[in-house]
Amino acid sequence: MDLSDSPEDAEFRARLREWLARTLPALPPQPSPDDWPGRRAYDLGWQRTLYEAGYADVHWEASPGVRLIFLEETEKAGAPYVGANFVGLLHAGPTIAAEGTAEQRARWLPPVLRGEEVWCQGFSEPGAGSDLAALRTRAWRDGDDYVVSGSKIWTSHAEVADWCELLVRTDPDAPRHRGITWLAMPMDAPGITVRPLRTLAGSAEFAEVFLDEVRVPAANRVGEENDGWRVTMVTLSFERGTAFVGEVVACRRVLGELAAQACRDGRWDDPALRRRLGRLNADFRALWRLTQGNVSEAEAARGGVPGVGGSVFKLRYSQARQELYDAAAEVLGDAALDLGRPWVRDRLSSLSYTIAAGTSQIQRDIVGERILGLPKGR
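Here we summarise the structure given alongside this text. Computed from a prediction, not measured in an experiment: that's the story for all the values here.

Where burial is concerned, most of strand β5 (residues 180-186) is hidden: seven out of the seven residues are buried. Burial along β5 is two-sided: the face carrying Ile180, Trp182, Ala184 and Pro186 and the face carrying Thr181, Leu183 and Met185 are both buried. Note: strand β4 (residues 163-169) against β5, seven bridges, orientation antiparallel. Bridge pairing in β5 places Cys164 opposite Met185. Where β5 lies against strand β8 (residues 221-222), two bridges are found, and the strand directions are antiparallel. Note on β8: the bridge partner recorded for Trp182 is Val222.

Structure, rendered in structure tokens:
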């Protein structure tokens, strides 16, 4: 498999680098990490800048190879992350682009690309986290609407979102995976209550969402009724296959900074630490190559939708990220307890990665069953 840039990709990379070098110095300072309304405004402003420059559609309209270059180069240059807009750009948007009708694509995709609307993800529930198919939020048809009641948890950016990609159970008598439907729910609909959740790192980018007979137009259903599990697999393919690409680049940058800090502090003389950082360097280089391979395979075989290879990536990346920030704590020493120091908040957030976007146990099941062909457990 040839992982080098094509001439067209190389031209895109050079043009993007030049634009980033001109644009980033003129950006305003970013707001506090805890100021989510401010961060929403900042993140949408950055998205508008991308839109006006012609780079907003790389997540959907461009080839997977160009998408990978974009994520790599923007992270290397220190450009703002998608932030509050990550569900719309990296999860819901690609799903609607792949599975939505022409009318749905025309309604929902342009506002995300222009930096006008934010999406959140309403998948997990208190009793349906790793076992997502156990969800109990109920929706029943009433004329032209679905009426939805239930609750969601760990709903990313619900407090600043305009729309929610929502999974509901529309046939409680069907087998678990066959009675689920994927809806786009407006977050200003009557009957929605949002309660922010504070994380270990002190931030509140997640929330509980309570739904009390919320009416969602049937026209907002993506895919057929009771076919939501298949549509969800498309969403999760993007989430596990390409959504973490920029973070791999960021981890490689942090690794270099850790080595430089260890040299300044005299910790580089510890051969155990050097071996640890060297192994992590090999891990992240391998993860980057795996990502390139997954993207190339998706481009060739599935029209840009990542395959189950994303689970291999997610499984190892989650562990490698935790190991990276454990190494950062070793380099920082006592300063690893200071939330104001670099890498400390990232270390706390890294603890969630073996749970977020599908637990490591779930990823191992997927790898075993769908890649290795092992039988399902009884």
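Along the polypeptide, Trp119 turns up in strand β1 (residues 119-122). Classification of Trp119 as buried rests on a relative accessible area of 1%. Linking Trp119 and Ala92, residues 27 residues apart in sequence, is a C-alpha distance of 7.5 Å.

To continue, consider the pattern of salt bridges. Taken as a whole and assessed by the stated rule, the structure comprises 22 salt bridges. For Arg316, the salt bridge goes to Glu323, with nearest N and O atoms at 3.1 Å. Through salt bridges with shared partners, a single network forms among Arg13, Arg17, Glu72, Glu73 and Lys76.

Below, the discussion takes up the environment of Ser203. The topology assignment puts Ser203 in the loop between β6 (192-197) and β7 (206-217). A sequence separation of 142 residues divides Ser203 from Arg345, and the C-alpha atoms of the two residues are 9.6 Å apart.

In this structure, Phe12, Phe70, Leu258, Phe284 and Leu324 are the most contacted members of the largest nonpolar core, which totals 44 residues. Those elements giving two or more residues to this core turn out to be α1 (7-23), α2 (36-53), α3 (64-76), α7 (245-265), α8 (271-301) and α9 (309-332). For this core, the element with the most residues is α9, which contributes 10 residues. Leave out the neighbours within four places in its chain, and Leu258 touches Leu277, Leu324, Ala327, Ala328, Val331 and Trp343. In this structure, Trp108, Ala133, Val222 and Val231 belong to the second largest nonpolar core, which totals 29 residues.

Calculation rules
- Residues numbered from 1 in each chain as written.
- Predicted model: local features only at pLDDT ≥ 70, side-chain atom pairs only at ≥ 80, totals over all residues.
- Heavy atoms only, no water.
- Buried < 20%, exposed > 50% of the residue type's maximum accessible area, 1.4 Å probe, protein only.
- Helix = DSSP H or I, 4+ residues; strand = E, 2+ residues; numbered from the N terminus.
- Pairing = 2+ DSSP bridges.
- Salt bridge = Lys/Arg side-chain N within 4 Å of Asp/Glu carboxyl O.
- Core = buried A, V, L, I, M, F, W, Y, C linked by side-chain atoms within 4.5 Å.
- Contact = heavy atoms within 4.5 Å.

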